[in-house]
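For reference, the chains in residue letters:
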Amino acid sequence: MKKPLILVVDDNVDNIAVLEELLKEFDYDFNSINDPTIILDVLEYKMPDLILLDYFMPEQDGLQTLKILKNKPEYAKIPVVVLTADTEKETLSNFFKEGAVDFLHKPINHIELKARISSTLKIANLNHQLKQKVAVVKKQNEEIDMFTNMIFTELSSPIKVIDKYVRIIEKSDDLNIEKIKEYISFIKRAEEGMAFRINNLLDVISVMQGKDLKE
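Residues numbered from 1 in each chain as written. Predicted model: local features only at pLDDT ≥ 70, side-chain atom pairs only at ≥ 80, totals over all residues. Heavy atoms only, no water.

Draft legend 1. Examining helix α1 (residues 13–25) more closely. Taking 1.5 Å of rise per residue, the 13 residues of α1 would be expected to cover 18 Å, and the 18 Å separating its terminal C-alpha atoms lies within 8% of that figure. Within α1 the residues assigned to the buried category are I16, L19, L22 and L23. Along the axis of α1, the buried residues cluster in a sector spanning 130 degrees; they form a single face. Projecting away from the buried face of α1 at angles above 90 degrees are the exposed residues V13, D14, E21, K24 and E25. On its buried face, α1 sits against β1 (5–9), β2 (29–33), β4 (80–84) and α5 (110–171). (Helix = DSSP H or I, 4+ residues; strand = E, 2+ residues; numbered from the N terminus. Expected span 1.5 Å × (residues − 1). Buried < 20%, exposed > 50% of the residue type's maximum accessible area, 1.4 Å probe, protein only. Arc of directions from axis to C-beta. Contact = heavy atoms within 4.5 Å.)

Next up, the structure:
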């Protein structure tokens, strides 16, 4: 089974070393960069399952980096956990507004780190599964719509024929028996055509549902 890949973004190489040791202990694959300005180049090379993003970095801080990530549709879905010593509610609120899924206060507690990574990955996986199921349901609904339109198209023609000749018979007072028989034969042919179409549609439904609906 493929291990989740964690990307650590922190300008402090000592912090990176500590996090890498912990990630190794937790049995995760990991990658790291100490320059957040190259993060898009790194992501283009290899996509992580989660990003641990430091806040205080000189050239480009964590909030700026997060905004860059979330403005790229191909990277916007990667869950980001912010690492910060800042406990100001406004700071944390800004990160959440920009799309961070969680945060950890520094110094990092290794038990809390493990728990946050695990829960974030599980939620991301559940979201992915949910989106797949939604896509399947959407496709099924589209197929149902197509099938409904097909039923309408298939049955509308013989129904129109039947309706036409029934109305002629009902409204005409001087039809002779031969003419009535002729119109009835048209109606019967339309009925046979409808029955044929219905049987074909039942065959299609039975294939879709895996059972014989005509039994």
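Draft legend 2. Seen up close, the layout of surface pockets. One number sums up the size of the largest pocket: a volume of about 660 Å³. Taken together, 21 residues make up the lining of the largest pocket; nearest its centre are D49, L121, A124, N125 and H128. A total of 8 residues in the lining of the largest pocket trace back to one element, the largest contributor, which is α5. A per-class count over the lining of the largest pocket returns 10 nonpolar, 4 polar and 7 charged. (1 Å grid on protein atoms, 1.4 Å probe; cavity = no way out; pocket = protein on both sides within 12 Å on 5 of 7 lines; lining within 4 Å. Points joined across faces, edges and corners; volume = space filled by probe spheres on them. Nonpolar A, V, L, I, M, F, W, Y, C, P; charged D, E, K, R; others polar.)

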